[in-house]
Amino acid sequence: TTIPYSAVHRNVRIEKASEVMRLPAGRLVDVVETRYVDRDGGHIRGRLASGGWISLVNVEDNVQYAKKIDRPNNAGRPTPLAPDGTPAGAAASGSPSAAASNG
């Protein structure tokens, strides 16, 4: 499956009406917070430093919408984990970036 873009939503919940923009595949973003959203199979969502939320992973289908990219100053630091044990992406400012995945 190829995912050509990631939708950025105003809120953590995934609602079509709250979509504010679309990021092309491969766009680098800073994720400053992650949350598990129990809707449509469960998603791990990331809040962008620039504002808005994107889906990082669909937990039920195991579809990854973004991948973690370590910055050099984070070498050797452990990867933050979500409550279900999956990688949670960035958890604080200055932490790893994420890139929209193309499948």
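Heads up: these notes are all about the structure in this document. (Residues numbered from 1 in each chain as written. Predicted model: local features only at pLDDT ≥ 70, side-chain atom pairs only at ≥ 80, totals over all residues. Heavy atoms only, no water.)

## Some points on the nonpolar core
- Membership of the largest hydrophobic core is limited to 10 residues, which are V8, L23, V29, V31, I44, L48, I54, L56, V57 and A66.
- Taken together, the elements giving at least two residues each to this core come down to strand 3 (28-37), strand 4 (43-48) and strand 5 (53-58).
- A per-element tally of this core places strand 5 first, with 3 residues.
- Apart from residues no more than four positions distant in its own chain, V57 is found in contact with G42, H43, I44, V63, Q64 and Y65. (Core = buried A, V, L, I, M, F, W, Y, C linked by side-chain atoms within 4.5 Å. Buried < 20%, exposed > 50% of the residue type's maximum accessible area, 1.4 Å probe, protein only. Helix = DSSP H or I, 4+ residues; strand = E, 2+ residues; numbered from the N terminus. Contact = heavy atoms within 4.5 Å.)

## Quick look at unusual backbone geometry
- In the Ramachandran plot, N62 falls in the positive-phi region, its phi being about 60° despite a non-glycine side chain.
- Residue placement: N62 occurs in the loop between strand 5 and strand 6 (63-64).

## Let's talk about the environment of R13
- Topologically, R13 is positioned in the loop between strand 1 (5-9) and strand 2 (19-24).
- The exposure class of R13 is partly exposed, given its relative accessible area of 43%.
- Each C-alpha atom of the pair R13 and I54 lies 9.6 Å from the other, and the pair is 41 residues apart in sequence.

## Structural notes on the pairing of strand 5
- The element strand 5 is largely enclosed, with a buried count of 6 among its 6 residues.
- Taken together, the 5 bridges between strand 4 and strand 5 define a ladder with antiparallel strand orientation. Considered in strand 5, the bridge of H43 is made with N58.
- Taking the residues that link successive antiparallel strands as the turn, the strand 4-strand 5 hairpin has 4 residues, and the phi of G51 there is positive, at about 105°.
- For strand 5 and strand 6, the ladder comprises 2 bridges, and the chain directions are antiparallel. Its bridge partner being in strand 6, V57 is matched across the sheet by Q64.
- Count of turn residues in the strand 5/strand 6 antiparallel hairpin: 4 residues, of which N62 carries a positive phi of about 60°. (Pairing = 2+ DSSP bridges.)

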